[in-house]
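The primary structure of each chain is shown beneath.
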Amino acid sequence: MKNRRVVLASRPAGWVSEANFRIEEAPVPAPADGQVLVKNLWLSLDPYMRGRMNEGRSYAAKQELGEVMIGGTVGEVVESKHPKFAKGDQVLGMLGWQQYGLSDGKGLNKVDASRVPPSAYLGVLGMPGVTAWVGLLDICQPKPGETVVVSAASGAVGSVVGQIAKIKGCRAVGIAGGRQKCDYVVKELGFDACVDYKAGMLNDDLKVAVPDGIDCYFENVGGEILDAALRRMNAFSRIAVCGLISQYNATEPYGVKTVQSILTNRIKVQGFIVSDRMELWPKALADLAGWVAAGRIKYRETVTEGLETAPRAFIGLLKGENFGKQLVRLG
Ligand code: NDP
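Quantities reported herein were computed from a predicted structural model and do not represent experimental measurements. (Residues numbered from 1 in each chain as written. Predicted model: local features only at pLDDT ≥ 70, side-chain atom pairs only at ≥ 80, totals over all residues. Heavy atoms only, no water.)

1. Things to note about the site of the ligand
- Taken together, 28 residues form the shell around the ligand, and within it Lys 181, Tyr 197, Tyr 248, Val 274 and Asn 322 come nearest.
- Asn 220 has a polar backbone atom sitting 2.8 Å from an oxygen atom of the ligand.
- The side chain of Asn 322 places a nitrogen or oxygen atom 2.6 Å from an oxygen atom of the ligand.
- Across the complex, the protein chains shield 92% of the 900 Å² of accessible surface that the ligand would expose by itself.
- The residue makeup of the shell around the ligand, split by class, is 18 nonpolar, nine polar and one charged.
- For the shell around the ligand, the domains that each give at least three residues are domain 1 (2–122 + 300–329) and domain 2 (127–275). (Near = heavy atom within 4 Å. Polar contact = N/O pair within 3.5 Å; in protein donor to acceptor, adjacent residues only side chain to side chain. Areas by Shrake-Rupley, 256 points an atom, 1.4 Å probe, with all protein chains shown as cover. Nonpolar A, V, L, I, M, F, W, Y, C, P; charged D, E, K, R; others polar. Domains from an automatic or database assignment.)

Next comes the structure, spelled out in structure tokens:
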């Protein structure tokens, strides 16, 4: 049996391209004592992977050339020499862009796929969902009646941010690219308003959408959208800097023009990485599971079929071609 896998072939300068990846075949590895062999069924594609492709060090180590691309996976144990796992277990892990992965059990967790589809553990009931929970509830700490704005609002993280804001009694306003995404955010997810930043009237439209200003801004994007949000922030408001996706492929960084708003409005700005807050994950996941089961949080996925589609789908994610959580079905 062969294991197909995607490795990092070269580092992008600016926009990532399919040529930065290489698809390889290798024998399926055999588990040694203490290891399990997992057949990956779902691969998560996430914006952080772009940062790992760079040469320079960020908050995490870079992805090495020639190595299997990093990635979250859900799969099924096909052979186990580990006391805690048995053949047939469904498991969540970081086994990367490949059809089969070996694990020593560290960071591998069994999931219950009987009540929610297994792919949910890579989205709303996984890292992106917890990111939304941590950034909104631990960092922004919105109070009922306050206005919460989130960028990339139809995406894996942003969609959950706005829905939690509604659960907490806030006014939720999204910023997203295109009418279709904005309609989904308001009509299906229940946000109070959504600004289509591609319509060309970002500042004016945001002003209308937040008549009482912004108390919490959950930043996923950066660039002009950050400037627009800074113009509308209230005194003593909070910004959780979760991501800056508009900058990940930029060769010239965008210069933010409204930094003065942080001073005049005494804004608290905090960046965060969800993996730094592991102590919050159990509480966040319990809340999210309850809200999903109760139908109070909805989610959407964009799925491509087969490992070969991963590079193209990843580039699409960075360009906003995804609509909801971007996944690759491997199994
Ligand atoms: P999404 O599902 O939101 O997909 C990315 C979205 O970003 C696209 O659909 C697109 O939406 C938007 N986007 C892309 N380019 C631009 C641009 N130039 N300007 C404005 N919007 C753009 O991805 P995730 O939910 O997985 O991630 C969202 C953000 O959260 C990312 O910045 C990511 O890095 C960050 N993140 C941070 C974590 C942390 O621990 N700090 C953990 C997980 C994610 P649209 O069509 O609306 O433009």
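2. A word on unusual backbone geometry
- Even without glycine at this site, Phe 236 takes up a positive phi of about 60 degrees.
- Within the secondary structure layout, Phe 236 lies in strand β12 (residues 233–241).
- Classification of Phe 236 by relative accessible area gives exposed; the value is 51%.
- Positive phi values are uncommon outside glycine, yet Arg 266 reaches one of about 50 degrees.
- Structurally, Arg 266 is set in the loop between α7 (260–264) and β13 (268–271).
- Among the residues examined, Arg 266 registers a relative accessible area of 45% and is labelled partly exposed. (Helix = DSSP H or I, 4+ residues; strand = E, 2+ residues; numbered from the N terminus. Buried < 20%, exposed > 50% of the residue type's maximum accessible area, 1.4 Å probe, protein only.)

3. Some points on the sheet that holds strand β11 (residues 214–219)
- Pairing is parallel in the open sheet, where six strands are placed in the order β10-β9-β8-β11-β12-β13. Since the sheet does not close on itself, it has two edges, and those belong to β10 (193–196) and β13, each with one partner. In this sheet, adjacent strand axes meet at a mean angle of 15 degrees when their direction is disregarded.
- Across three bridges, strand β8 (residues 147–151) lies against β11 in parallel orientation. (Pairing = 2+ DSSP bridges. Axes fitted to C-alpha atoms, helices over the stretch in contact; angles between N-to-C directions.)

4. Observations regarding the layout of surface pockets
- A volume near 190 Å³ is recorded for the second largest pocket.
- Surrounding the second largest pocket, 15 residues form its lining, Gln 63, Glu 67, Val 68, Met 69 and Ile 70 being those nearest its centre.
- When the residues that make up the lining of the second largest pocket are grouped by side-chain class, the tally is six nonpolar, four polar and five charged. (1 Å grid on protein atoms, 1.4 Å probe; cavity = no way out; pocket = protein on both sides within 12 Å on 5 of 7 lines; lining within 4 Å. Points joined across faces, edges and corners; volume = space filled by probe spheres on them.)

5. A look at the packing of helix α2 (residues 127–140) against helix α8 (residues 281–293)
- Look at α2 against α8: their axes get within 9 Å of each other, and the N-to-C directions meet at 105 degrees. For the element pair α2 / α8, the angle class is roughly perpendicular. On the side of α2, the interface is formed by Met 127, Gly 129, Val 130, Trp 133 and Leu 137, while α8 contributes Trp 281, Lys 283, Ala 284, Leu 285, Asp 287, Leu 288 and Trp 291.
- Residue composition of the contact of α2 with α8, grouped by class: nine nonpolar, one polar and two charged. (Parallel < 35°, antiparallel > 145°, perpendicular 65-115°, else oblique. Contact = heavy atoms within 4.5 Å.)

6. Overview of the nonpolar core
- Core analysis: the largest hydrophobic core is formed by 50 residues, its most contacted members being Leu 136, Ile 164 and Ile 297.
- Sorting the residues of this core by element identifies β3 (36–44), α2, β8, α3 (156–167), β9 (171–176), α4 (179–188), β11 and α8 as the ones contributing at least two each.
- Looking at this core, the element that brings in the most residues is α2, giving eight residues.
- Mapped onto the domain boundaries, this core takes at least three residues apiece from domain 1 (2–122 + 300–329) and domain 2 (127–275).
- Apart from residues no more than four positions distant in its own chain, Leu 136 is found in contact with Gln 141, Pro 142, Val 148, Val 161, Ile 164, Ala 165 and Phe 218. (Core = buried A, V, L, I, M, F, W, Y, C linked by side-chain atoms within 4.5 Å.)

7. Looking at empty space enclosed by the protein
- Within the structure shown, the criterion is met by one cavity of 30 Å³ or more.
- Approximately 80 Å³ is the volume found for the largest cavity.
- Examining the composition of the lining of the largest cavity, we find that three residues originate from one element, α3, more than from any other.
- Grouping the constituent residues of the lining of the largest cavity by class yields six nonpolar, six polar and three charged.
- Split by domain, the residues of the lining of the largest cavity number at least three in each of domain 1 (2–122 + 300–329) and domain 2 (127–275).

8. Section: the packing of α2 against α3
- Where α2 meets α3, the closest approach of the two axes is 8 Å, and the angle between their N-to-C directions is 45 degrees. Between α2 and α3, the interaxial angle falls into the category oblique. For the pair α2 and α3, the crossing hand works out as right-handed. Contacts from Pro 128, Gly 129, Thr 131, Ala 132, Trp 133, Leu 136 and Leu 137 of α2 reach α3 at Ala 156, Val 157, Val 160, Val 161, Ile 164 and Ala 165.
- Here the contact of α2 with α3 is built from residues that sort into eleven nonpolar, two polar and no charged. (Left-handed = near helix turned anticlockwise from the far one by under 90°.)

9. Details of the domain arrangement of the protein
- Each domain of the protein was delimited in the assignment, giving domain 1 (2–122 + 300–329) and domain 2 (127–275).
- Put simply, the middle of domain 1 and the middle of domain 2, counted by C-alpha atoms, are 29 Å apart.
- Between domain 1 and domain 2 the total buried area reaches about 1300 Å² when both faces are included, carbon and sulfur atoms providing 63% of it.
- Our count for the domain 1 to domain 2 interface comes out at zero salt bridges.
- Where domain 1 meets domain 2, there are four residue pairs in polar contact (both at pLDDT 80 or more).
- Of all the secondary structure elements, the ones that give two or more residues to the side of domain 1 that touches domain 2 are α1 (48–52) and α9 (310–319).
- Tallied by class, the residues present in the side of domain 1 that touches domain 2 amount to nine nonpolar, four polar and four charged. (Buried area = accessible area lost by both parts, 1.4 Å probe. Salt bridge = Lys/Arg side-chain N within 4 Å of Asp/Glu carboxyl O.)

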